[in-house]
Structure formats: C-alpha cells, structure tokens
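An overview of the molecular structure
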Amino acid sequence: MIKQIVLILTIVAVSVNSWNFHVTSYDANTIVPERFSCPGSAYNVSFNYGENLSPGFYYSTPPNGTEEVIFVLWDISFPPSFLHWGIVGLPPKPTFVQEGASPYDLPAGSKSMMNPTIGAAAYFGPCPPTGSNNIYVATLFARDVPGTLIKPTDNARDIVNLLMTDGHTIAFVDQSNNFPGVF
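Residues numbered from 1 in each chain as written. Predicted model: local features only at pLDDT ≥ 70, side-chain atom pairs only at ≥ 80, totals over all residues. Heavy atoms only, no water.

Moving on to the sheet that holds strand β2 (residues 21-23). The strand order β2-β3-β6 describes an open sheet built from three strands, whose pairing is antiparallel. Strands at the two margins of the open sheet, each flanked by one partner only, are β2 and β6 (95-97). Ignoring which end each strand starts from, the neighbouring axes of this sheet average 5 degrees apart. In this sheet, β6 lies alongside strand β3 (residues 57-59) in antiparallel orientation, the contact comprising three bridges. Along β6, the bridge assignment pairs Tyr58 with Phe96. (Pairing = 2+ DSSP bridges. Helix = DSSP H or I, 4+ residues; strand = E, 2+ residues; numbered from the N terminus. Axes fitted to C-alpha atoms, helices over the stretch in contact; angles between N-to-C directions.)

Okay, structure coming up:
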C-alpha cells in the first residue's frame, strides 16, 4: 500500500521542462566557486576560505495553480543530508534572487528557513571535509497552497520528503553542482 501511495505522489509532483530554473551564479553540473563556500572561521582555521555568499537564481512562471514557491539548497552527500539554504514564500511569478541576498534582500513576502546548525535563518555555504566531493542540489517546489510551515531542521531530506509527500507540490525543478572537500 505504501509503495502505491509513493508512486502516485511521484506522478503528481513532476519535474517539468517548461518551468525554467537556473542558479545564475554558476552553471549546472560544475564545481561551486569558492566564494560561495563557508568562511574558514566556521571551522576555526586560520585562513578565510570562502565568502559565504549566497548564490543568485532565477525561475520563470511556475505551473498554473501555484500559490507559493519554495527553494531548498541541500547537500545530498552529507548523511542524512544538510540544509544550506531554504526560502519559503517566494512568489508564483518569474523571479530573480540576486547573489548575496541571504537573509535580508529576498523578494517581498519571502523569508529564509531557520537552520539550527548555524542558529540563523540564512545561507551557509559548502564546507565538506577534506577528501570528499559533495553534491549540492538546488530545488524549487511549486506549491498549490501558500504559507507552508516547515519545522526548523538542518536535515534537508526531511524538508524535501515533506514537500514531495504532503500532496501540495504540483511541480519541482532542480540543478546539481559539486564542491570538493578542503577542510
């Protein structure tokens, strides 16, 4: 019974080619540039590795029936997964979020999700351990209800599972990138 439900939900929430999404700060399937990684001070190292600059992104008009767009940037390699940035309340119209917008220069009505690991509702750049090559996925969810409540968590898999299984995601689009561990 559970397998049938998951299959149905997967069919309802589909990735769509007509909804365009692009992280404008770097191309898909490339290495995330260093300036978007966490500052060295995050790990008490003596050098300043990154600027912790949030990436910019753009999306075109979401599918009909969309009331809210949610953005989730997560590390799928980090067990169980790690939330780097989440934004709720994005408008259901073409939108550009500029580079460095987190957490204060977001579109009207939207806000960053709380991330308990960093103790703030803000972007936190990649900081994978030395020797790893983590995969970062930026995903947009078109929702047919506004005001989705998401419990503060740094486990992005819980957020994505909620968004994919609660019956209110009508479409999603994503972009993947990687970042090699240096810390």
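This brings us to the pattern of salt bridges. Evaluated as defined, the whole model comprises two salt bridges. For Glu99, the salt bridge identified is with Arg35, shortest N-O distance 3.7 Å. You can see Glu99 sitting in the loop between β6 and β7 (111-112) and its partner Arg35 sitting in the loop between β2 and β3, a full 64 residues away along the chain. For Glu99, a relative accessible area of 35% corresponds to the partly exposed category. (Salt bridge = Lys/Arg side-chain N within 4 Å of Asp/Glu carboxyl O. Buried < 20%, exposed > 50% of the residue type's maximum accessible area, 1.4 Å probe, protein only.)

Turning to helix α2 (residues 156-165), its buried residues number three or more, namely Ala156, Ile159, Val160, Leu163 and Met164. Across the axial projection of α2, the buried residues extend over an arc of 125 degrees, all falling on one side. Where α2 begins, the side chain of Asn155 points an oxygen toward the backbone nitrogen of Arg157, at a separation of 3.1 Å. (Arc of directions from axis to C-beta. Polar contact = N/O pair within 3.5 Å; in protein donor to acceptor, adjacent residues only side chain to side chain.)

Proteins that are soluble and globular tend to have nonpolar side chains buried together. Phe21, Phe57, Phe71, Trp85 and Leu140 are the most contacted members of the largest nonpolar core, which has 25 residues in total. Secondary structure elements with two or more residues in this core: β2, β3, β4 (68-75), β5 (82-90), β8 (133-143) and β9 (169-180). It is β8 that provides the largest number of residues to this core, a total of four residues. If sequence neighbours within four positions are ignored, Phe57 has contacts with Phe21, His22, Val23, Thr24, Phe71, Trp85, Ile87, Leu90, Thr95, Phe96, Val97 and Leu140. (Core = buried A, V, L, I, M, F, W, Y, C linked by side-chain atoms within 4.5 Å. Contact = heavy atoms within 4.5 Å.)

Counted under the stated rule, the structure contains eight aromatic pairs. Relative to Phe71, the ring of Phe21 has its centre 6.4 Å away and its plane inclined at 65 degrees; by these criteria the two rings are edge-to-face. Residue Phe21 is located in strand β2, and its partner Phe71 is located in strand β4; the two are separated by 50 residues in the primary sequence. According to the relative accessible area criterion, Phe21 is buried, its value standing at 13%. A relative accessible area of 1% places Phe71 in the buried class. Taken together, the ring pairs connect Phe21, Phe57, Phe71, Trp85 and Tyr123 into an aromatic cluster. (Phe/Tyr/Trp six-rings, centres within 6.5 Å; stacked < 30°, edge-to-face > 60°.)

Turning to the state of the cysteines, a few remarks are in order. Inspection of every chain in the model, using the stated rule, returns one disulfide. The partner cysteine of Cys38 in its disulfide is Cys127, sulfur to sulfur 1.5 Å. Remark: Cys127 occurs in the loop between β7 and β8 and Cys38 occurs in the loop between β2 and β3; sequence separation between them is 89 residues. The same class applies to Cys38 as to Cys127, namely buried. (Disulfide = S-S within 2.5 Å.)

What follows is about the environment of Glu51. With respect to the element layout, Glu51 can be found in the loop between β2 and β3. Taking the relative accessible area as the measure of exposure, Glu51 reaches 56% and is therefore exposed. Spatially, the C-alpha atoms of Glu51 and Arg35 are 4.8 Å apart, while their sequence positions differ by 16 residues. Discounting chain neighbours no more than four positions away, the residues touching Glu51 are Glu34, Arg35 and Ser37.

Looking now at the confidence of the model for the chain. With 84% of its residues at a pLDDT of 70 or more, the chain has an overall mean of 83. Per-element confidence in the chain ranges from a low mean pLDDT of 33 for helix α1 (residues 2-12) to a high of 97 for β3. Between residues 1-14, whose pLDDT stays under 50, and residues either more than four places distant or in other chains, the model counts twelve contacts. (pLDDT = per-residue confidence, 0-100.)

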